[in-house]
Each structure stands twice: as C-alpha cells, then as structure tokens.
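Inside the fold
Spelled out, the chains give:
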Amino acid sequence: MPSNNYYDVTMWPVGNPAKDVGEVINSIIADIKERQAATDVNDGGKPGAVIYLPPGDYHLRTQVLIDVSFLRIEGSGHGFTSSSIRFNVPEDEWPDLHELWPGGSRVIVDLPAAGDGEEAKGAAFYVERNGSPRISSVEFSNFCIDGLHFVPDGSGLRAENTYVNGKTGIYAATANDSFRVTGMGFVYLEHALTIYHADALSIHDNFIAECGSCIELRGWGQASKITDNLVGAGFKGHSIYAENHGGLLVTANNVFPRGASSVHFKGVTRSSVTNNRLHSFYPGMVLLEDNSSENLVATNHFLRDHEPWTPFLGVDNGLDDLTGLLSISGSNNSVVGNHFSEVIDSESIRPAGGTPVIIRLAAGAGNFVSNNHVVALDVSAKSSDSCFAAQVDALLTTEATEGLAVTTVMVDSASARNTVLDSGSDTQVVLDKAVNAFRATPTIGM
Amino acid sequence: MPSNNYYDVTMWPVGNPAKDVGEVINSIIADIKERQAATDVNDGGKPGAVIYLPPGDYHLRTQVLIDVSFLRIEGSGHGFTSSSIRFNVPEDEWPDLHELWPGGSRVIVDLPAAGDGEEAKGAAFYVERNGSPRISSVEFSNFCIDGLHFVPDGSGLRAENTYVNGKTGIYAATANDSFRVTGMGFVYLEHALTIYHADALSIHDNFIAECGSCIELRGWGQASKITDNLVGAGFKGHSIYAENHGGLLVTANNVFPRGASSVHFKGVTRSSVTNNRLHSFYPGMVLLEDNSSENLVATNHFLRDHEPWTPFLGVDNGLDDLTGLLSISGSNNSVVGNHFSEVIDSESIRPAGGTPVIIRLAAGAGNFVSNNHVVALDVSAKSSDSCFAAQVDALLTTEATEGLAVTTVMVDSASARNTVLDSGSDTQVVLDKAVNAFRATPTIGM
Amino acid sequence: MPSNNYYDVTMWPVGNPAKDVGEVINSIIADIKERQAATDVNDGGKPGAVIYLPPGDYHLRTQVLIDVSFLRIEGSGHGFTSSSIRFNVPEDEWPDLHELWPGGSRVIVDLPAAGDGEEAKGAAFYVERNGSPRISSVEFSNFCIDGLHFVPDGSGLRAENTYVNGKTGIYAATANDSFRVTGMGFVYLEHALTIYHADALSIHDNFIAECGSCIELRGWGQASKITDNLVGAGFKGHSIYAENHGGLLVTANNVFPRGASSVHFKGVTRSSVTNNRLHSFYPGMVLLEDNSSENLVATNHFLRDHEPWTPFLGVDNGLDDLTGLLSISGSNNSVVGNHFSEVIDSESIRPAGGTPVIIRLAAGAGNFVSNNHVVALDVSAKSSDSCFAAQVDALLTTEATEGLAVTTVMVDSASARNTVLDSGSDTQVVLDKAVNAFRATPTIGM
C-alpha cells in the first residue's frame with residue numbers, strides 16, 4: 001500500500017480481485033475496522049479509507065457489506081458501452097466487433113439470481129448500519145457496475161431485452177447521511193441504485209442506463225440532490241423515483257428512454273424537478289402521486305415520441321394517452337415554463353380516437369400551471385434496426401403530416417382551486433371554471 | 001514520491017502530517033518553489049503540483065500559505081458527518097456511537113483562536129500573492145476541513161451550538177483567477193470559504209454545512225459560479241454571500257437551514273440565482289441589497305418553515321415576517337417562476353397580527369416580478385430531540401390547520417416603476433398602481 | 001506501474017514525456033491494445049486503461065490517436081491562467097511576473113501548423129474508430145491543453161490576439177458514445193473541443209477560454225449535455241456550437257466574452273438552453289438557425305455590453321444591432337423567463353440611428369415567447385489597459401446616462417403563428433398581429 005488508509009484491490013493480500021472483488025473489499029473493510037477500532041474522544045477519529053479499483057474486470061461473487069462511514073470506493077473509468085445494442089446484433093457478427101463488454105474499472109455482478117422482492121440480496125454493494133450515528137460519507141466514484149445479462153421473463157421478449165435479472169448495483173438499507181455517487185457507470189442491472197432513508201445525498205454526473213430501474217430513493221428522506229446525470233431505465237422501471245422525500249432537487253439531468261417514467265414521485269413534498277431534459281416513448285413521463293405537494297416543475301423539456309428501434313417495437317408502459325405526459329395527484333404544486341413536445345402518429349393514440357393529454361391534474365387542489373408551451377405533431381412512426389441512427393433520425397424529424405389536436409391541460413373533478421394560465425387555448429384546456437382559475441393563452445387576433 | 005510534482009503528505013520527509021499537516025504542506029510548497037524557480041520564456045513553465053492527503057486525521061497547527069499557482073490539494077473523502085447532532089447527544093451515550101468525528105481526508109484545524117475580524121489569521125489555508133499575474137488555478141478537492149468545536153459566545157447557547165470559533169477553512173486574500181473548490185467537506189468552522197476578488201471561480205459539488213458562514217465572495221469579482229453544492233450555515237451567518245460581483249451564477253444548490261440567509265447579495269449585478277432549492281427557518285432567505293441590479297431570480301424553490309430541533313428552539317436571525325422571504329433593494333431585477341412555501345404557525349408571526357410578506361421590493365426601480373406561486377399554510381409548530389426525524393417530519397407535513405393570509409408581493413414607496421404579474425391576487429399584492437404596473441393572478445370566476 | 005491498466009506517462013519506458021508526450025501515449029495505447037487483444041465471449045472484456053499525467057510540462061510533438069474504448073486520460077490540474085493578459089503585458093515587464101505560462105498537468109501542443117480546414121491534423125488528441133460498436137467511454141479529466149501562441153492572421157491584430165494557430169485540443173472524428181470531458185483546462189487553441197457524432201456525451205465542469213472556438217458538436221448527435229462549464233471563445237469563434245443534435249442539454253454554464261456567439265445551434269431540435277449566464281460584447285449571442293425547432297430557451301441571463309479592454313477595441317463579430325441578442329430561424333421553440341440586459345453606448349449602435357433588437361424571430365412558425373424581461377441602458381463606453389479591472393468595472397456599472405429604446409421582440413414576416421406574451425410593451429414589440437398572437441406586458445396605469 002502506498003500509504004495508510006489507501007487500498008488498491010489489486011495489491012491486497014487476501015483474495016483475488018479478478019475472481020471475487022467482493023471478498024477482497026470485505027477483507028479490506030475488516031482491516032479498516034480493526035485498525036480504526038479505538039474511538040478517541042480527544043478529537044481523534046475513524047477516518048475511514050479509500051479503496052481503489054484500477055481499470056480492469058473484477059468479478060463480484062460475494063456481496064460487499066459496507067458498515068463503516070467515510071469509505072470511498074473509486075475507479076478510473078465509468079466504462080459504459082451499450083450492451084443492449086450489442087445483444088441485439090446477430091451473434092455471428094460478434095467476432096467483427098471491436099469489443100463486446102463494458103469496461104473501465106468494471107465490477108461484474110456474478111451473484112446468484114435473487115428473487116422478486118429480494119433486491120437487497122442481489123446487490124453488489126449493500127450498505128447497512130443500525131444504531132447511531134447514521135452511516136455517513138460513503139462515496140462511490142468513477143467505476144462501472146455491470147449486471148452482464150438479463151434473463152427471460154416469460155413475456156416473449158428476448159432474454160437480453162427484459163431488464164430483469166435480480167441484480168442491484170448499490171443498495172443502502174438504513175438511514176444514511178452525506179453519501180455521494182459520482183462519475184459512476186451502471187449497466188444491465190435490474191436496479192442500479194436503491195437508497196433508503198437518505199439525508200443530503202448527492203447523485204451527480206453519473207451514467208446510469210440500460211438498467212431496469214436507475215435511481216430509487218425509498219422509505220423517506222430529505223435535502224438530497226440528483227443532478228447532472230445521464231439516465232435511462234427500462235420500460236418497466238423508474239429512471240428517477242422518490243417516495244416520501246422533502247427538499248429533493250432533481251435538476252440538469254438528461255433522462256432518455258425507455259423508462260416507464262422519467263421522474264416518479266410518491267408523497268414527495270417541497271421538491272424541485274427543474275431544468276431537466278426528459279425524453280420518453282410513453283405517456284406518464286413525470287408522475288407526482290400520493291399527495292405529492294408544493295413541488296416545483298419548471299423549465300423542463302419534455303419530449304414524447306415513438307420507440308424507433310425494432311427490438312422494442314410494441315413494448316410500452318401500459319398507460320394510455322389520456323394519462324398526461326405530466327400527471328399530478330397532489331396540491332399546491334407549481335408547473336411553470338416547461339416545453340412539451342408530443343410527436344406521435346395519430347393512428348397510435350390510445351384509446352383510439354382520444355385526444356392526448358399533456359398536463360393532467362388528477363387529484364388535489366391549489367396547483368399553479370403557468371406558461372407552459374405544448375407542441376403536438378402528427379408524424380408517421382418510423383423504425384430501424386440501428387438504434388443510434390433511428391433515435392437521431394426521429395429526434396431531428398420536425399415535419400408533421402399535420403397538426404395534432406391535444407388537451408394541453410386537463411383538470412379532473414377530483415382536483416380543484418387550481419390556477420391555469422397561458423398553457424393552452426380555450427379549446428385546449430379542459431377544466432371546470434367554477435372551481436378553477438383560468439386564463440387562456442392568447443390566440444391570433446385576440 | 002511516485003513522480004515529480006506529485007506529493008503525498010504522508011511520505012514527505014519534513015514534519016509529521018498527523019501532528020501538523022500545515023508544516024508539511026508549507027515545506028512542500030517551499031520545495032515546489034525552489035525546484036520551479038527558473039522562468040523559461042521558451043515556453044517552459046512553472047507547472048505547480050498536486051499535494052495528496054490520503055484518508056486520515058491531520059491536525060493543522062501551522063497555517064498553510066499558498067502563493068503559487070497551479071497547486072492542487074486533494075484528498076480521497078469529503079468526510080462530513082454531523083458534529084452538531086453528535087454534540088447534542090448526551091455525553092454518556094457517546095461510547096455507544098459508531099464514531100464521534102468527521103472523517104475522510106480530514107484536516108483538523110488546531111490554530112489558536114482568532115479574534116473578531118481576524119478571520120485571515122484563523123484560516124487553515126491562506127492564499128495571498130500580490131503582483132502580477134493574479135494567482136491562478138489553485139484547486140481544493142475532496143478532503144475535509146473540520147473546525148472541531150464551537151465555543152461559548154455569551155448568548156446562553158451551549159458552546160457547541162454557537163457557530164463561533166474564529167476558525168476559517170480557506171481564505172483567499174488577493175485577486176485570483178480560475179480557482180476551483182470541488183468535492184470538499186467543511187464542518188464546524190466559523191467561516192468555511194472566504195474568497196476576495198475572484199475571477200472565474202468555480203465552487204462546485206461541495207458539502208458545506210454546520211459552519212457559521214459557508215461561502216463568502218468578498219471585495220469584488222466576476223464571472224464565477226457556485227453550483228451543485230449542499231450548503232447550510234449557522235443562524236448568524238451566510239450560506240451563500242457575494243458583494244460587488246458581476247456575472248455570478250448561483251444554480252443547482254440545495255441550501256438547507258439554518259443560515260441567517262440562504263443567498264445574500266450586496267451590490268451584485270447581472271447575476272443569476274436560478275434553479276436552487278432553498279430552505280430556511282427564518283424570513284430574509286434571499287436578500288438583494290445595496291443596489292443589487294439586473295439579476296435574475298428564477299425557478300427557485302423557497303421553503304420557510306419552523307425550526308423543529310429542540311436545541312435551537314427560540315433561535316432566529318432577528319428579522320420579522322414583513323421582511324419578505326425575498327427582499328430586493330435594487331433595480332431592474334427579474335423574479336420569475338419561483339415557488340414559495342411559507343409554512344408557519346400563525347401564532348408565531350412577528351409583529352403579532354402582521355401579514356407575512358413573501359416578495360418585498362424595498363427600494364429601487366424597474367424590477368419585473370412574474371409568475372411566482374405562493375403557498376402559505378398555517379400549521380402547528382412541532383419539535384423533537386431527533387434532528388433528522390424532526391426535519392423529515394416537518395418537511396412532509398402539508399396539512400394546514402387553515403389557510404394563512406400573506407402579502408405575496410409588497411412594493412415599498414422607495415421602489416417604483418416595477419412590473420408585477422401573476423404573482424398574487426389583488427388582495428395579496430400591495431403596491432401603488434400609479435407608479436407600478438400590475439396584473440393580478442386570475443382568480444376563480446374571473 | 002503500480003498496477004495493471006494504470007499508466008503514468010513519467011514512468012513509461014518508451015519516449016520522453018517532457019519532449020513528446022504524444023509518442024509516449026501512443027506507445028501506451030499500443031501496449032493496451034496488445035495486452036487486451038483477446039476478446040473473451042465468456043464475459044471477459046477489454047477494460048481499457050487510465051493514463052496519468054502528473055503536474056508538469058509535456059510537449060506534444062506527435063498526435064495522439066485514440067481508437068480504444070474505456071480510455072481515461074487524467075491529470076492533476078486544469079492549469080488555466082490567462083495567456084491573453086500576459087501576451088498583452090509589455091515584454092520588458094515579463095521578468096517581473098510570477099509566472100508566464102499555464103500550468104498543472106499541461107500538454108503543450110507543438111504540432112506543425114495545420115492549414116484552414118485541417119483541424120483534424122492539428123489536433124493534440126485525435127479520436128477515430130470505424131466499424132462497430134462505436135468507440136465508448138473515452139474520458140479526459142483534469143489536465144490542461146495549451147496551444148501556446150496565436151499567429152498573425154493578416155488582420156492587423158497583434159499575433160497573439162488573433163485566436164488563430166491551426167491547433168485543436170481534442171478532435172473526435174467518428175461516432176462515439178458516453179464520452180466524458182470533465183475538469184479540463186483549454187487555452188490558446190484555435191479549436192478546443194470538436195466532437196462529431198456524439199451520443200450521450202458529457203462536457204462538464206471544464207474551463208475552456210481564450211480559444212478560437214471552445215465546444216463544437218458537429219455532424220449530428222443526441223442526448224448529450226454541456227453543463228457547468230466556464231467558457232469563453234474568441235471573437236471569430238463559437239463558445240458553444242451544435243449542429244443537427246437532438247436532446248442536447250446546455251445548462252448551468254457561465255459563458256463569458258468574447259465569442260462571436262455564446263450558443264449557436266444549426267438544425268438542432270428538442271434541446272434546452274436553460275439556466276446559463278451568458279455575456280457577450282456583440283449582438284447575436286444565441287442563434288437558433290437552419291430550422292432549429294422545439295427547443296427551450298429559458299431562465300438564462302443575457303448580458304450584452306461593450307468590450308472594455310483596449311487590445312480588442314474595435315473588434316467585433318460583424319453583426320449589427322438589429323440581429324437580436326437571441327435570433328431564431330426555426331419553429332415551435334419556447335423562450336421563457338429570460339433576463340436580457342443590453343448595456344451599450346447609443347452612439348455605437350449599428351446601423352446608426354437604429355433601434356436595437358433583443359429577441360428576433362427571423363423565420364419559422366409557432367414559437368412561444370413569454371415572460372422575458374429586457375433592461376436596456378445607454379452608458380458611455382469605457383475601456384482600460386487592465387482586463388480584469390475593466391471587466392469588473394463595466395459589469396458593476398448600472399447607472400445609465402439615459403434609458404435606451406429597444407425593440408424587445410421583432411417578428412419578421414418570414415416567421416408566423418408565434419405567440420408573444422409579457423415580453424415587452426406595445427411599442428417595444430414589432431409584429432404582425434394578424435398572423436401572431438400577442439399580449440403586451442402591462443404598463444403603469446393599465
């Protein structure tokens with residue numbers, strides 16, 4: 001070791017990091033705990049350590065258990081490459097490929113498959129510590145966690161396209177403070193990052209894609225931030241999910257398809273979803289549910305268009321076009337200055353003949369919806385065997401076969417005393433003016 | 001040393017980094033200057049160096065003087081844990097705690113107490129260089145600066161709750177360019193980060209909490225950014241403060257209590273406070289003072305509620321509820337698309353019987369206040385001995401005993417020619433329509 | 001080498017990194033490729049490597065060719081200092097300067113001058129790989145690329161002020177995925193960062209200044225982000241440029257002068273320019289051209305004032321004041337909640353006697369312009385030999401000799417069916433109400 005409290009997994013005497021980096025890291029953690037056992041009340045502490053993974057392939061066959069504060073695990077490469085594209089290349093073409101797998105400082109999760117509801121068991125890194133104080137300042141930085149394969153789910157989808165494998169990247173089970181996840185890559189995990197009871201958590205500048213669910217903040221928590229990430233979950237899962245959180249800041253993320261939702265809040269209050277770029281192939285992009293209240297949803301760019309890549313044609317999240325791209329069950333939220341592009345083939349609308357809804361106030365009261373701009377285009381859906389080309393082509397297509405009629409704001413009877421301003425014309429906004437305040441966006445000649 | 005210009009404090013032959021890392025770093029800086037003394041006009045430079053602090057406890061008993069450009073001081077762990085919570089745990093429970101102190105790469109500031117106005121003297125890292133060019137590209141990354149204890153201030157508060165100790169983390173006294181402070185932790189310092197005369201400074205992704213004041217940009221400066229930080233100052237201090245700055249970008253920060261202010265500008269122009277999550281227990285959250293003009297305050301989430309943690313009950317910043325959560329003395333500012341939640345017990349309003357003010361235009365002219373949404377709830381204040389639980393509980397409480405009447409915008413007679421749009425109803429906005437433009441937020445039935 | 005797949009350029013046996021770091025890095029890449037040649041379909045990969053440049057001066061006389069995925073090149077210092085200021089200090093004062101050159105982990109680009117259109121040839125780091133998959137996860141982190149000198153361009157400007165030298169920092173020629181450029185410094189390059197065909201690229205927290213052009217995303221691409229950078233190009237070049245990109249997020253950047261533009265889009269769709277601080281000395285700050293559509297331009301701070309530094313007096317980008325600070329040729333864009341400060345000397349307006357335009361809708365249809373606040377001041381231009389002092393002084397000047405009449409929004413006849421709300425009074429907005437929807441910002445007494 002070059003110095004105290006600095007560990008390189010490739011130089012540790014116990015275990016073989018290529019064969020089971022989990023055993024190696026657990027042995028290092030045991031060493032840290034043994035060496036730092038004495039608590040010195042005269043200002044001396046238990047400073048923790050850094051564990052370094054140089055670039056390389058590290059199979060993980062033993063779950064890492066983290067129960068010490070001030071532990072930083074870092075690599076030198078987030079290592080993302082698209083496994084999804086590669087798995088959909090015919091295998092006889094594989095020998096022609098430059099490389100087959102993700103790379104960088106790459107932890108390959110080789111745990112036995114965990115069953116439904118056993119996500120903790122299937123986690124490469126499992127954090128749990130009871131008692132006081134809460135575990136603090138655990139940091140994950142700049143390495144790759146690769147779940148390797150998805151497995152058949154009985155749906156008829158090819159195994160590698162199911163987003164199912166019972167594997168989790170990082171799972172924090174108990175209350176924690178000031179954790180950091182930065183510069184990481186996550187790929188082909190059913191759950192990338194699952195954190196319970198977070199306080200002042202920072203999830204910043206990561207690449208989390210081709211995972212069933214990407215970021216899930218569970219239980220309850222406060223004062224955290226999810227910022228500046230590239231994120232894209234699978235069609236059944238969450239790109240960004242939080243429940244019972246207050247003061248959460250979700251900003252500057254570029255959330256791409258194909259998550260069942262882009263941002264999903266349950267019982268989340270006084271939080272912000274601002275300034276993100278959100279792209280989805282399905283309705284229900286941002287869901288504020290279960291009395292999510294006093295949140296700010298502002299200056300986001302929403303794009304909903306069609307799946308252009310043939311392996312996933314016909315797959316969706318099960319929601320119809322009346323759901324809204326943004327749906328709110330909660331009170332006193334602010335929805336200001338967002339751009340919405342709905343670019344779909346009118347033939348595909350569900351229910352057939354329906355008018356797609358952009359912003360839906362489903363339940364609650366006192367929401368403020370102002371200055372949102374909706375663009376709706378009717379385009380012929382196109383698809384291609386080439387994922388990147390298809391996506392870019394779809395993204396750059398702005399010519400509609402004709403305009404698409406949408407309901408820009410629909411206020412259900414279960415939601416009242418809302419204010420809707422400059423977010424659609426009289427014909428585009430559906431609400432009961434007896435119980436909601438309304439000002440239509442001016443139209444030509446008004 | 002593994003290579004030239006790379007220094008590890010634990011391997012340097014002079015001094016003992018555990019006992020006085022200040023002596024060690026000063027000795028390293030002397031070495032850098034000696035080795036890089038020759039200026040080669042044939043394109044060869046003085047490249048500076050990196051000084052590495054592995055995780056560990058490093059007492060600092062000698063102030064570090066930085067007067068060379070291109071110096072990076074970096075650790076492997078921001079090391080924050082809540083000292084405030086721990087100090088408010090009864091001492092007989094301390095033996096049961098997992099750990100007592102912050103950790104990571106932890107610099108423990110053991111300088112003699114500096115008096116009032118002697119912050120420079122009490123600084124762990126002191127930057128000063130006169131002459132030309134300005135000192136450039138000094139970087140602080142991923143270590144912890146811990147002030148260890150607060151001291152009695154005569155207020156009757158417990159010593160460890162005063163936020164007073166005459167210690168400063170980093171103090172830059174002279175003009176500087178392209179500095180970076182990234183991934184750091186600061187805890188229990190009276191002043192965390194005090195920078196004079198900054199140009200193109202980046203303060204990004206740090207954890208700065210439980211400090212008297214957190215970020216202070218003094219003197220004058222330009223073109224800097226304070227982004228993506230977790231910040232929370234003490235009740236007397238600044239979370240984010242700037243004076244006489246132009247072109248400052250304050251964005252994507254999660255600023256939690258209990259700073260006397262969240263963002264405080266004096267004589268700041270053409271700057272942005274956008275997209276932050278701001279939470280305070282007192283009025284006067286964002287102050288634009290001393291002719292702060294042409295600034296943009298947009299899409300921020302403001303929450304003001306009550307201190308829920310018993311050790312700080314009764315403590316405040318001395319401002320009453322007519323101050324405004326946002327108060328502006330300056331001209332031509334834009335206040336657009338912000339969400340304000342005022343969640344207080346009406347019994348606590350000061351002056352008693354007053355109507356709390358949310359946005360106050362105290363002096364100046366030509367401000368533009370548009371599309372701000374104010375939510376005001378009257379709730380019974382609750383408190384608890386458990387800091388985290390109390391805060392989360394308060395944050396998630398959205399049920400009011402009844403509505404709370406507030407003045408959403410108050411325009412004083414010293415401020416004129418302002419434009420106030422869609423930021424409150426006729427009864428919620430107090431201004432002189434003869435000298436200000438006004439459009440009320442539409443109400444039901446209008 | 002401390003471990004497999006970790007390379008330190010100063011310890012590599014081939015070449016001399018001080019004399020030609022290009023030769024050294026190419027030799028390292030050859031070693032990586034040789035060692036990682038075998039593709040193991042049993043989950044074993046080609047993990048790539050990290051190449052470390054400790055702080056120091058590294059001349060680069062051989063272009064680095066990158067054609068392997070998962071390569072991270074990292075240093076320990078972005079090393080920016082202003083070469084522009086230094087080159088405009090009289091040479092007889094140089095011996096009094098603390099240092100002359102940029103520093104940190106500094107790559108000095110010493111390639112032979114490339115001609116016009118030969119940017120690829122003049123690139124320090126050249127990325128090219130054809131075939132499948134696209135090259136992925138190449139990362140550049142925390143080092144400096146210095147082009148050293150500009151050369152005469154025949155314009156009469158001093159050589160070091162031309163922003164011309166045929167040198168490029170990083171040039172990616174072929175389609176790429178999940179690249180990262182983070183914490184870098186770029187200085188005195190004609191082109192800092194030129195990336196073709198990017199997917200999920202992250203350009204985050206860099207310092208890119210005193211370069212002809214800074215960030216150029218060419219060809220086509222998608223789902224990338226340019227976030228939290230300090231950027232400032234030369235008067236002929238781009239600060240941030242993208243063509244044929246979809247889903248690009250440009251946010252939280254502080255873009256300072258003197259780029260010909262701050263953000264320039266050609267054929268860019270469904271992208272965001274939000275929450276940036278933009279400062280320019282010329283009109284045409286943000287250009288959405290060639291049918292750039294469905295983009296969101298929101299909560300940015302625009303400042304246009306005059307060049308205050310004597311060496312560049314009289315230099316500009318050739319555009320007149322009718323161009324607009326924001327000019328749009330495209331459809332269905334949203335322009336919401338921006339602040340514009342136009343602070344100029346009315347004597348300098350071009351064409352003389354013209355009324356400067358702030359937002360110009362030049363061509364297209366269906367744009368939504370709402371809640372923008374324009375401040376226009378007529379001030380006497382001042383200049384100084386001291387760059388920093390002049391800029392700060394200008395930035396902090398808010399007192400106008402008198403108000404300046406401007407057209408806040410001009411809609412050309414080639415643009416129709418736009419909606420313009422609360423972005424200027426009846427006299428400040430010029431449009432054909434027969435084909436555009438309009439609501440004037442209320443004025444006093446309305």
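None of the values given here were measured: they were computed from a predicted structure.

Residues and elements named next belong to chain A. Across the sheet, which stays open at both edges, the twelve strands sit in the order β3-β6-β10-β14-β18-β22-β26-β29-β32-β35-β38-β39 with mixed pairing between neighbours. The open sheet has two edge strands, β3 (56-60) and β39 (402-403), and neither has a second partner. Sheet topology places β3 next to strand β6 (residues 105-109); five bridges connect them, and they run parallel. Its bridge partner lying in β6, Gly56 is registered against Ser105.

Once that is clear, we can look at a negative patch on the surface. A contiguous patch of negative charge on the surface is contributed by A:Glu91, A:Asp92, A:Glu93 and A:Asp96. Checked against the element boundaries, A:Glu93 lands in the loop between α2 (83-87) and β6.

Here we come to the relation of the copies chain C and chain B. Least-squares fitting of chain C to chain B yields an RMSD of 0.0 Å, with the superposition described by an axial translation of 0.0 Å and a rotation of 120°. What the superposition gives is, in effect, a three-fold axis relating one chain to the other. Interface overlap between copies: only 8% of the residues of chain C at the interface are likewise at the interface in chain B, consistent with a contact formed by different surfaces.

Let us look at the packing of aromatic side chains. Evaluation of the coordinates by the stated rule reveals 60 aromatic pairs over all chains. Ring centres of B:Tyr7 and B:Trp12 lie 5.4 Å apart, and the angle between their planes is 70°; this geometry places the pair in the edge-to-face category. Aromatic side chains B:Tyr163 and B:Phe312 sit 6.0 Å apart centroid to centroid with 40° between the ring planes, which places their arrangement in the tilted category. Of the two residues, B:Tyr163 sits in the loop between β10 (144-146) and β11 (168-172) while B:Phe312 sits in the loop between β32 (301-304) and β33 (326-329), which places them 149 residues apart along the sequence. B:Phe312 gets classed as buried once you look at its relative accessible area, which sits at 0%. The rings of A:Phe87, A:Trp94, A:Trp101, A:Phe150, A:Tyr163, A:Tyr188, A:Phe235, A:Trp309 and A:Phe312 are connected pair by pair, giving a single aromatic cluster. When the ring centre of B:Phe87 is taken as reference, the NZ or CZ atom of B:Arg86 above it lies at 4.1 Å. Positioned above the aromatic ring of C:Phe312, the side-chain terminus of C:Arg258 is 4.0 Å from the ring centre.

Here we take up the domain arrangement of chain A. Residues and elements named next belong to chain A. Domain parsing of chain A yields domain 1 (1-254) and domain 2 (257-446). For domain 1 versus domain 2, the separation of C-alpha centres amounts to 32 Å. Counting residues at the interface gives 29 residues for domain 1, matched by 29 residues for domain 2. Summed over both sides, the interface between domain 1 and domain 2 buries roughly 2,100 Å², with carbon and sulfur atoms accounting for 49% of that surface. Between the two partners, domain 1 and domain 2, sit zero salt bridges. Remark: the boundary between domain 1 and domain 2 carries 28 residue pairs in polar contact (both at pLDDT 80 or more). Elements represented by at least two residues in the side of domain 1 that touches domain 2 include exactly α2, β22 (230-233), β23 (238-243), β24 (245-246) and β25 (249-251). Counting residues per element, the side of domain 1 that touches domain 2 draws most heavily on β23, at six residues. Considered class by class, the residues forming the side of domain 1 that touches domain 2 number twelve nonpolar, 15 polar and two charged.

Parameters and conventions
- Residues numbered from 1 in each chain as written.
- Chains lettered and ligands numbered in written order.
- Predicted model: local features only at pLDDT ≥ 70, side-chain atom pairs only at ≥ 80, totals over all residues.
- Heavy atoms only, no water.
- Pairing = 2+ DSSP bridges.
- Helix = DSSP H or I, 4+ residues; strand = E, 2+ residues; numbered from the N terminus.
- Patch = residues over 30% accessible without salt bridge, like charges linked within 9 Å, V, L, I, M, F, W, Y side chains within 5 Å.
- Areas by Shrake-Rupley, 256 points an atom, 1.4 Å probe, with all protein chains shown as cover.
- Salt bridge = Lys/Arg side-chain N within 4 Å of Asp/Glu carboxyl O.
- Lys, Arg positive; Asp, Glu negative; His and termini not counted.
- Charge placed at Lys NZ, Arg CZ, Asp CG, Glu CD.
- Least-squares fit on C-alpha atoms with pLDDT ≥ 70 in both.
- Contact = heavy atoms within 4.5 Å.
- Phe/Tyr/Trp six-rings, centres within 6.5 Å; stacked < 30°, edge-to-face > 60°.
- Buried < 20%, exposed > 50% of the residue type's maximum accessible area, 1.4 Å probe, protein only.
- Lys NZ or Arg CZ within 6 Å of the ring centre and 35° of its normal.
- Domains from an automatic or database assignment.
- Buried area = accessible area lost by both parts, 1.4 Å probe.
- Polar contact = N/O pair within 3.5 Å; in protein donor to acceptor, adjacent residues only side chain to side chain.
- Nonpolar A, V, L, I, M, F, W, Y, C, P; charged D, E, K, R; others polar.

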